[in-house]
Amino acid sequence: MTNPLIRKLEYGANLTDDHRRILERTSQKRRQVPRKEHLIREGERPSCVRLVMKGFACRYKLLPTGERQIMAFLVPGDFCDLHVAILGRMDHSIVTLSPCTIVDIPRETIMDLTDNHPAITRALWWATLVDQAVLREWIVGLGQRPAKTPIAHLLCELTTRLAAVERVTDGAFDLPITQEEFADTLGLSIVHTNHMLMNLRDKDLATVQNKRAIIHDFEQLTRFADFTPDYLHLSDRSSVDEVNRNSA
């Protein structure tokens, strides 16, 4: 199966075979992490950057009342905490939502990549900027998106992100996200979350059950959710580079 880190970063920069070999070596030492295990907790100072190679994790903040706000889902190819190489202390927690394959990358390795490999540096910048774009889209969704569409929009996003790293087959993919976790993401009650999932199934747009998602009609689902993938910045790399050369 394609290395999801390499597949993802190829959207951010034109990578050579040498770059791919470097990234392959960087992501070789893997470990298995069970579901519901913290990769990092708020306030800790991690000694390495963590990369998800398989499975799902999430970023979250816990309120004094005990309520949780999930702020991002991390899928294969995603860095959990790339910024800690600069910031040092975590301002949120990251926990696995399923059994995960994780790579622990020393800070020194990240610094070496950014100091000595400009194309990889550009790809890492791109990945960080896309994370910020996704967060902006989620904020807009929480504040302004019509009440019937949040889960549909999230399913469109996850389908697109997972397809980009070749983790979608015939419109279906692993989705180990519970109704409670959907609710903690979208600021909904579990009852409302269940109602929206049933509505998508009744409309024959998508079915979420048994830790799997089946997208029956992606085009209709995007229309229903008013989803456009521009904020994921998955356009063809060659066309982007051509624009950059012409504007130089």
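Residues numbered from 1 in each chain as written. Predicted model: local features only at pLDDT ≥ 70, side-chain atom pairs only at ≥ 80, totals over all residues. Heavy atoms only, no water.

### So, the pairing of strand β6 (residues 93–96)
- Residues S93 and V95 line one face of β6 and the alternating positions I94 and T96 line the opposite face, and both faces are buried.
- Bridge count for strand β2 (residues 38–40) against β6 is two bridges, and the pairing is antiparallel. In the strand pairing of β6, I40 is matched with I94.
- Pairing analysis gives four bridges linking strand β4 (residues 57–62) to β6, with the strands arranged antiparallel. In the sheet register, A57 faces β6, and the bridge partner there is T96. (Buried < 20%, exposed > 50% of the residue type's maximum accessible area, 1.4 Å probe, protein only. Helix = DSSP H or I, 4+ residues; strand = E, 2+ residues; numbered from the N terminus. Pairing = 2+ DSSP bridges.)

### With respect to the nonpolar core
- Core analysis: the largest hydrophobic core is formed by 73 residues, its most contacted members being F73 and L175.
- Ranked by residue count, the leading element in this core is helix α5 (residues 118–144), at 10 residues.
- With near-sequence residues (within four places) excluded, F73 lies in contact with A57, C58, D78, L97, W138, L154, L158, R161, I177, E181 and T185. (Core = buried A, V, L, I, M, F, W, Y, C linked by side-chain atoms within 4.5 Å. Contact = heavy atoms within 4.5 Å.)

### A look at the pairing of strand β5 (residues 68–74)
- The sheet contact formed by β4 and β5 spans six bridges and is antiparallel. Of the residues in β5, the one forming a bridge with C58 is F73.
- Connecting β4 to the antiparallel partner β5 that follows it, the hairpin turn spans five residues, and G66 within it adopts a positive phi of roughly 95 degrees.

### Let's talk about the sheet that holds β2
- Strand order in this open sheet of four strands is β2-β6-β4-β5, and the pairing throughout is antiparallel. Each edge of the open sheet is held by one strand with a lone partner, namely β2 and β5. Each strand of the sheet is rotated relative to its neighbour by a mean of 35 degrees, with strand direction disregarded. (Axes fitted to C-alpha atoms, helices over the stretch in contact; angles between N-to-C directions.)

### Side note on the packing of aromatic side chains
- Inspection of the entire model under this criterion finds two aromatic pairs.
- Ring geometry for F73 against W138: centres 5.8 Å apart, planes inclined by 65 degrees, an arrangement best described as edge-to-face. Of this pair, F73 sits in strand β5 while W138 is found in helix α5, placing the two residues 65 residues apart along the sequence.
- Arranged with centres 6.1 Å apart and planes meeting at 80 degrees, the rings of F227 and Y231 form a pair that is edge-to-face. Pair check on accessibility: F227 and Y231 agree, each one buried.
- Cation over ring: R68 sits above Y60, and NZ or CZ is 5.9 Å from the ring centre. (Phe/Tyr/Trp six-rings, centres within 6.5 Å; stacked < 30°, edge-to-face > 60°. Lys NZ or Arg CZ within 6 Å of the ring centre and 35° of its normal.)

### Some words on the state of the cysteines
- Applying the stated rule across the entire model yields zero disulfides.
- C80 takes part in no disulfide bond, and the closest cysteine sulfur, belonging to C100, lies 7.9 Å away. (Disulfide = S-S within 2.5 Å.)

### Some details on the pattern of salt bridges
- Summed over all chains, the structure comprises 18 salt bridges.
- Salt-bridge contacts for R7 lead to E166; the nearest nitrogen and oxygen are separated by 3.2 Å. On the criterion of sequence distance, the pair formed by R7 in helix α1 (residues 4–9) and E166 in the loop between α6 (150–164) and β8 (172–174) is long-range, its members being 159 residues apart.
- When its relative accessible area of 21% is taken as the criterion, R7 is described as partly exposed.
- Among the residues examined, E166 registers a relative accessible area of 42% and is labelled partly exposed.
- When the shortest N-O distance is used, the salt bridge between D202 and R201 registers 3.9 Å.
- Judged by relative accessible area, which is 58%, D202 ranks as exposed.
- The class for R201 is partly exposed, based on a relative accessible area of 41%.
- One salt-bridge network, held together by shared partners, links R7, E10, D17, R20 and E166. (Salt bridge = Lys/Arg side-chain N within 4 Å of Asp/Glu carboxyl O.)

### Remarks on the packing of helix α7 (residues 179–186) against helix α8 (residues 190–202)
- Where α7 meets α8, the axes come as close as 9 Å, and the angle between the chain directions of the two elements is 105 degrees. Here α7 is positioned roughly perpendicular relative to α8, judged by the angle of their axes. Residues Q179, E180, F182 and A183 of α7 form the contact with α8, whose participating residues are I190, T193, N194 and L197.
- Of the residues assigned to the contact of α7 with α8, the class counts are four nonpolar, three polar and one charged. (Parallel < 35°, antiparallel > 145°, perpendicular 65-115°, else oblique. Nonpolar A, V, L, I, M, F, W, Y, C, P; charged D, E, K, R; others polar.)

### Considerations on the confidence of the model for the protein chain
- In the predicted model, the protein chain carries a mean pLDDT of 91, and the fraction of residues at 70 or more is 93%.
- Of all secondary-structure elements in the protein chain, the lowest mean pLDDT belongs to helix α10 (residues 237–247), at 42, while strand β10 (residues 212–215) reaches the highest, 98. (pLDDT = per-residue confidence, 0-100.)

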